[in-house]
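# Secondary and tertiary structure notes
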Amino acid sequence: MRSNVAVRWLSRLDGLMLVGLSVFVFNLVLGKDYWFYLNPKFKPLSLTSAVVLAGLGAFGLWRPLARWSWWRTGLFALVLALAVVSQAGVDRDMGGESLGQDNPSAPVETAPASRVKMGGKEYIRINAGELYDISGKHLQDKLGLNYAMRGFVRRLPELDKDQEFIIYRVALYCCFADTTAVGFKVKLPPGASLPKNAEWVVVYGQLTGLAGAGEKDEPAIPGAVFASISPYNLFQADRLESEPPLKTPFMYEWHEEEPYAY
Amino acid sequence: MDVSPDVLESLQLFSQVCVSIVLEATPFLLLGSLVSGFFEVFVPQERIDKFVPKNPLAGALFGVFLGMLMPCCECGIVALVRRLLAKNVPPPTAVAFMLAGPVINPVVLASTVVAFQGDWTMAWWRMGLVGLMALVVALATRRMKAEDILKPLGAFSSQALFGSLDEALPLTVLNPGLGSRLKAALGHSLGDFLDMGKILVIGAVVAAAFKTWMPEGLVAMFEKDLLMSVLAMMILAVILSLCSQADAFVAASFTGFPGAAKLAFLALGPVLDFKLVLMWSQSFRKDFVRILITLPVTMVFAVCMVLGAAKWVGQ
């Protein structure tokens, strides 16, 4: 049986774990990787929790609990170990391609104008989540407009033959665990060449009714809980352009009116 | 030893999901632990006796109302509820607060409405069903006392949960100064956070493993049949352990599932999930944990099947 003095010293490990966790959270909040884990709107909350964790950890070092269990300390150590593994993945961008996370060193984007002219036509810039909302609500006054939407490409053999592919964006609501990919089937004009799988593109065009509406054909996206393709509309593209992957490719916000979050 | 890139990639994805769940829940767990610790030391028994209704139904309704005033995530609320029970708050009030608090509040209402594209139907059904569950489970505890619900203090002398409650006992007797009371409150908070935090980690590991390695299309296999879809979504809610503020967006993404199955996911998830069962098992007696599992599961299943068969919830 351990002596009280030994237990007190071992209990200090718990305090140490909390200090370690707070250092990790501080590092995330003040660094550039926060959005890989949580919606940036939670930064103030995370910063506050880092301060409280540091305080509670320091208290645990100063006045350790009179009880200790190795598996409790072990589980907190596991979190820190997983944080290291995860950060290694984030830093090396492993697994990022499918979520469009493949360019962490890209410059920070400035908000583009809400409309863009291409080939004599004016297009409204919109993100896939916002357009998905318009499609889902069947907003007739907005369904027929010209839109420019960006995202990453998913190619499927059964779509290739029809000059079609899927364009996705991943929505992150609270944390990475609740990410869902939303997107549209895109049909290219005759003669246009299909983009590469996982490539980032901007498509310019309009929504049209989808034959076989309601039927689903949704390939899984690693990392996203589930993937949803609009069951009602297909995006009929007038043109397509490649663009560099976004620095923060997740969608965090949705607007109901122009200017859209894009 | 060489690790294939696929294995490494999935391990890193697993780590990222797991860490994100822990980071998301940590502020709420900290809040719950701090409130719990300070409540233990600074709120006298007499004040509780004065404010909490003695009638079971009134007490349960008061608990639901308390949940609206103090919205708290399901992870953080367990630590506080065991303190409430230990301070002789009647079980119907504490239990109703524990079950309703994470769902029946403006934040979750708003996120559900937004996720379902402005349609209030799902949000109202969700609030109604969770409120009903909270009341029924709360009333099922009307003849119970705190000691029928809480695990005995003596069983945890060396390593577990109520060590900090043990330490609290002399404080009310000795009535020490503010400095000592602050130290005691922080000690309770630290103990609560560590005890609940370890359960959160286990829940996060399970949810992350499921999310990372779940076979593609597994859940979608069940969407066409009402019975199977409701059951699949209930199981998914328990395993995924999502935060009640975010789960509506995930539910809405199941476009092929009937509305009743989505409601089952939304009503059950915040009330019963894997990490909650572990937290309850640490804090509460087996009989009470059994009630906390069986009543919500039965009610959600029955109500959602009826609503689904009658097509009252829509898509």
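Predicted, not measured: the structure shown is a model, and the values here were computed from it.

Our focus in this paragraph is the overall build of chain B. The helix and strand inventory of chain B stands at 15 helices and zero strands. Over its C-alpha trace chain B gives a radius of gyration of 20 Å, about what one expects of a compact globule, namely 20 Å for 315 residues. Seen along its three principal axes, the alpha-carbon backbone of chain B occupies a region of about 65 × 60 × 35 Å. The 315 residues of chain B split such that 57% are buried. Long-range contacts, defined here as pairs at least 24 residues apart, represent 85% of the contacts in chain B between residues at least 6 apart.

On to the nonpolar core, then. The biggest cluster of nonpolar side chains holds 179 residues, and the ones touching the most others in it are I167 of chain A together with L263 and A264 of chain B. A domain split of this core shows at least three residues from each of domain 1 (4–92) and domain 2 (115–242) of chain A. Residue contacts for L263 of chain B: discarding those within four places in its chain leaves M122, W125, R126, L129, C304, L307 and V313 of chain B.

Residues and elements named next belong to chain B. Position of V277 relative to the elements: it lies in helix α14 (residues 274–283). Judged by C-beta crowding, with 17 C-beta atoms within 10 Å, V277 ranks as partly exposed. Separated by 16 residues in the primary sequence, V277 and I293 have C-alpha atoms spaced 8.0 Å apart.

Residues and elements named next belong to chain A. According to the domain assignment, chain A consists of domain 1 (4–92) and domain 2 (115–242). Listed as interface residues are four residues of domain 1 and, on the opposing side, five residues of domain 2. Its residues assigned to classes, the side of domain 1 that touches domain 2 comprises three nonpolar, one polar and no charged.

Residue and element names in this part refer to chain B. Between the first and last C-alpha of helix α1 (residues 5–42) there are 54 Å, a value that for 38 residues agrees with the 56 Å anticipated at 1.5 Å per step. T26 marks where α1 bends most, by close to 40 degrees; the proline P27 follows one to four residues later. Most of α1 is tucked away, with 28 of its 38 residues classed as buried.

If you look at the interface, chain B gives 49 residues, while chain A gives 50 residues. Those elements that place two or more of their residues in the side of chain B that touches chain A are α1, α10 (178–213) and α12 (247–252) of chain B. At 18 residues, α1 of chain B tops the list of elements feeding residues into the side of chain B that touches chain A. Residues belonging to the side of chain B that touches chain A are distributed by class as follows: 25 nonpolar, 18 polar and six charged.

Cut-off values and rules
Residues numbered from 1 in each chain as written. Chains lettered and ligands numbered in written order. Predicted model: local features only at pLDDT ≥ 70, side-chain atom pairs only at ≥ 80, totals over all residues. Helix = DSSP H or I, 4+ residues; strand = E, 2+ residues; numbered from the N terminus. Rg over C-alpha atoms; globule rule 2.2 N^0.38 Å. Buried ≥ 20, exposed ≤ 12 C-beta atoms within 10 Å, placed from the backbone. Contact = placed C-beta atoms within 7 Å. Core = buried A, V, L, I, M, F, W, Y, C linked by C-beta atoms within 7 Å. Domains from an automatic or database assignment. Nonpolar A, V, L, I, M, F, W, Y, C, P; charged D, E, K, R; others polar. Expected span 1.5 Å × (residues − 1). Bend = angle between axes of the 7 residues up to and from the residue.

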